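Observations on the three-dimensional arrangement
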Number of protein chains: 2
Amino acid sequence: MSRIAYFGPQGTFTEQAARTFGEATLVPVETVPLVLAAVRAGEVDAGCVPVENSVEGAVTATMDSLAEDSPLVAVAEALLPVRFSILVREGVKHEDIKTVASHPHALAQVRDWVATNLPNAVPVATTSTASAAVHVHDGEFDAAVSAPVAVLHYPLVELATDVADVDNAVTRFLLLRRPGKPPEPTGTDRTSLFVVIAHDEPGSLAGTLSELALRGINLSRIESRPMRGRFGEYRFYLDFDGHVSEPRIADALAALHRNSREVRFLGSYPKADRTLSAAPPRSTASDYTAALDWVAKVQEGL
Amino acid sequence: MSRIAYFGPQGTFTEQAARTFGEATLVPVETVPLVLAAVRAGEVDAGCVPVENSVEGAVTATMDSLAEDSPLVAVAEALLPVRFSILVREGVKHEDIKTVASHPHALAQVRDWVATNLPNAVPVATTSTASAAVHVHDGEFDAAVSAPVAVLHYPLVELATDVADVDNAVTRFLLLRRPGKPPEPTGTDRTSLFVVIAHDEPGSLAGTLSELALRGINLSRIESRPMRGRFGEYRFYLDFDGHVSEPRIADALAALHRNSREVRFLGSYPKADRTLSAAPPRSTASDYTAALDWVAKVQEGL
């Protein structure tokens, strides 16, 4: 069975994300850099880490390591709704709860719910949503604001589930491996990469994005990232629809390679939301084949 | 004296940022949304909140509120190095320290330092770097990993200063006011805005950035932000050099207004790093004047 390291401890949202990737032995690891180091060293087959809007932080650590340390590639992603379970010891009732523990970001996201439902409870910070459950089990605190998966690990009961002040927040995770052949295209694929461009050419990012637009490639996320110790350059993280095995994506990557200081491929993998990533008219594989055939004929004078 | 609300409590990095904006009465407020609500309601003159790489989180809350709630504009920014002070009670020595308290993100950023210098200390999470100092003062914990400013508020002493595992991390803050005339241009200015574009037009972001590039405008940050409940559209946060009183910036904003679903102006304000934001040749104010004069003459047949 394959081994997946994840940003732990047991019972966090990251474990919950790791469980969506199928049967595997899950190994909790203390920090994101240590998860990625375990993957690079071959101690595990893959690592699951947050990349966007994590409840427990560490997204910056993920992005910096993926951009700067030895390359890894994503082979799958997971999206989780930010909805918490309130865990208590058996028999504890609303009125018994004097302390509510969790990571400060989780406490901030259930502030209104706690004020309404547990008006006598004092918030207490813990290093993760899961360690709050540990401390509730110990008897140190009365209630934990936890990822739903935490109830599987700790002998606690759910006082409430699906708790969140904001309805539609989601957090995103990637499953990362050492570089190798990407998963097969599914028709609902995403490609991720980092691109480094010169700072003193104001049109260079517009040029990069035009290379995608001209090939009908839909950008779903862009984020500028700081460059450590390299002045005069910018690094951008890009997510876009399509798979590197498609001619339009391969052609766009080649154009970025020609026109950027540096491109780092971060993987082509199925999108968690399963929306289609089909090429629009004039950018399909057969359009590319027909175009190349025509050019070859012109070159031969046929 | 003007009143500035900030994401508190007293003694956080956000207070430290607020102090860089000159003499003012500083008012700690519990969450970022409540800081911005106090500014909107006129209870304070301005609010100071983190916008990028905050040690204590809440950047997502800042961006969502600036994008979606009633408009505010930035009038100044601050950049702070992420370097901590280790605060203890008078007389406490390294070997006495059994617990080290802070926000989980701060604990993660001094992990190596603590392992080397306080090998017997157990990390303990608090809701902010400042509340760690409060608990150390109470005698509950032995050492706090705090913003340097915390020592001004709590009767503690510095066991160490300038502590950080990573050398060059910075965090960024904005000073926000109700909409009004922007501060005068200084020659080292930044303009910030949100732009909403259609999802089904793959070239629309490339087009938006080309409007900036064609006017010699240097983009310093771009980030896609989720749209709540509006499918088929993307929102982007943009920072670029220049001031809205310059013709090239005004001209670019007008072009974005024509070509986007929505543009929200977030202010023109002096850059904290004081790097120049001068227009390059062919985009200066006199170039714009000369060009408009020429067109007017053509229209009149002169």
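Residues numbered from 1 in each chain as written. Chains lettered and ligands numbered in written order. Predicted model: local features only at pLDDT ≥ 70, side-chain atom pairs only at ≥ 80, totals over all residues. Heavy atoms only, no water.

With respect to the relation of the copies chain A and chain B
Comparison of the two chain copies shows a relationship of rotation about an axis with a shift along it. Rotating chain A by 180 degrees about the axis while translating it 0.0 Å along that axis superimposes it on chain B, leaving an RMSD of 0.0 Å. Both chain copies can therefore be described as sitting about a two-fold axis. Distance from the rotation axis, computed per C-alpha, reaches its smallest value in chain A at E223 of chain A: 2.1 Å. Take the interface residues of chain A: 100% of them recur as interface residues in chain B, which is what a same-surface contact looks like. (Least-squares fit on C-alpha atoms with pLDDT ≥ 70 in both. Contact = heavy atoms within 4.5 Å.)

Quick look at the nonpolar core
As a rule of thumb, nonpolar side chains are buried together in soluble globular proteins. The biggest cluster of nonpolar side chains holds 37 residues, and the ones touching the most others in it are L209, I222 and L238 of chain A together with L209, I222 and L238 of chain B. In terms of residues, this core owes the most to one element, helix α7 (residues 204-213) of chain A, which gives five residues. Apart from residues lying up to four places away in sequence, I222 of chain B is in contact with L205, I222, E223, S224 and F236 of chain A together with L205, L209, F236, Y237 and L238 of chain B. (Core = buried A, V, L, I, M, F, W, Y, C linked by side-chain atoms within 4.5 Å. Buried < 20%, exposed > 50% of the residue type's maximum accessible area, 1.4 Å probe, protein only. Helix = DSSP H or I, 4+ residues; strand = E, 2+ residues; numbered from the N terminus.)

A word on the UniProt feature "domain: Prephenate dehydratase" (unreviewed entry) in chain A
Summarizing the sequence annotation, UniProt attributes the feature "domain: Prephenate dehydratase" (unreviewed entry) to residues 3-178 of chain A in the numbering used throughout. End C-alpha to end C-alpha, residues 3-178 of chain A measures 13 Å, and it is 27% helix and 33% strand. (UniProt positions renumbered as here; feature names shortened; annotations may be inferred.)

Focus: the environment of F231 of chain B
With respect to the helices, strands and loops of the structure, F231 of chain B is situated in the loop between β12 (219-225) and β13 (233-241). Considering only alpha carbons, one finds F231 of chain B and G242 of chain B, eleven residues apart in sequence, at a separation of 32 Å.

Observations concerning helix α2 (residues 32-40) of chain A
All names here are of chain A. Among all positions in α2, only V32, V35, L36, A38 and V39 are buried. All buried residues of α2 fall inside an arc of 155 degrees around its axis, so they share one side. For α2, the secondary structure elements touched by its buried residues are β1 (3-7), β2 (25-29), β3 (46-52), α3 (59-68) and β10 (170-177). Taken from the residues just after α2, G42 is the one with a positive phi, measuring 80 degrees. (Arc of directions from axis to C-beta.)

Digging into unusual backbone geometry
With omega at 10 degrees, the peptide bond leading from G8 of chain A into P9 of chain A counts as cis. Here P9 of chain A shows up in the loop between β1 and α1 (13-18). Even without being glycine, R282 of chain A reaches a positive phi, approximately 80 degrees. Here R282 of chain A lies in the loop between β14 (262-270) and α9 (285-300). For R282 of chain A, a relative accessible area of 74% corresponds to the exposed category. Unlike most non-glycine residues, D162 of chain B shows phi in positive territory, near 60 degrees. Looking at the element boundaries, D162 of chain B is found in strand β9 (residues 157-163). On the basis of relative accessibility, which here comes to 52%, the residue D162 of chain B falls in the exposed class.

Thoughts on the packing of aromatic side chains
Geometrically, a pair of aromatic rings is defined through the distance of the ring centres and the angle of the planes. Residues and elements named next belong to chain B. Enumeration according to the criterion identifies six aromatic pairs over all chains in this entry. Arranged with centres 5.5 Å apart and planes meeting at 65 degrees, the rings of F194 and Y237 form a pair that is edge-to-face. Taken together, the positions of F194 in strand β11 (residues 189-198) and Y237 in strand β13 put the pair 43 residues apart, joining distant regions of the chain. The burial state of F194 is the same as that of Y237; both residues are buried. (Phe/Tyr/Trp six-rings, centres within 6.5 Å; stacked < 30°, edge-to-face > 60°.)

Looking at the sheet that holds β10 of chain A
Residue and element names in this part refer to chain A. Strand order in the open sheet formed by five strands is β2-β1-β3-β10-β4, with mixed pairing between adjacent strands. Of all the strands in the sheet, the pair left with one neighbour each is β2 and β4 (73-81). In this sheet, adjacent strand axes meet at a mean angle of 30 degrees when their direction is disregarded. Along the sheet, α2 makes contact with β1, β2, β3 and β10, crossing β3 at roughly 145 degrees. This element, α3, spans β3 and β10 of the sheet and lies at about 120 degrees to β3. (Pairing = 2+ DSSP bridges. Axes fitted to C-alpha atoms, helices over the stretch in contact; angles between N-to-C directions.)

Overview of the interface of chain A and chain B
Contacts between chain A and chain B engage 38 residues on the former and 38 residues on the latter. Summing both partners gives a buried area of about 2800 Å² for chain A against chain B, and 57% of it is carried by carbon and sulfur. Linking chain A with chain B are two salt bridges, by the criterion used here. Counting across the chain A and chain B interface gives six residue pairs in polar contact (both at pLDDT 80 or more). If you list the elements that add at least two residues to the side of chain A that touches chain B, you get α4 (104-109), α7, β12 (219-225) and β13 (233-241) of chain A. For the side of chain A that touches chain B, the element with the highest residue contribution is β12 of chain A, accounting for six residues. (Buried area = accessible area lost by both parts, 1.4 Å probe. Salt bridge = Lys/Arg side-chain N within 4 Å of Asp/Glu carboxyl O. Polar contact = N/O pair within 3.5 Å; in protein donor to acceptor, adjacent residues only side chain to side chain.)

Concerning the pairing of β11 of chain B
Residue and element names in this part refer to chain B. Burial of β11 is extensive: ten of the ten residues sit out of reach of the surface. The side-chain alternation of β11 yields two buried faces, one formed by D189, T191, L193, V195 and I197 and the other by R190, S192, F194, V196 and A198. Summarising the sheet, β11 and strand β14 (residues 262-270) pair through seven bridges and their orientation is antiparallel. Within β14, the position partnered with R190 by the bridge is Y269.

What to know about the sheet that holds strand β7 (residues 122-125) of chain B
Residues and elements named next belong to chain B. In space, the five strands of this open sheet follow the order β7-β6-β8-β5-β9, with mixed pairing throughout. The two strands at the open ends of the sheet, each matched to only one other strand, are β7 and β9. Averaged over neighbouring strand pairs, the angle between their axes works out to 25 degrees when direction is ignored. Taken together, the four bridges between strand β5 (residues 84-88) and β9 define a ladder with antiparallel strand orientation. Among the inter-strand pairings, I86 is bridged to a residue of β9, identified as A160.

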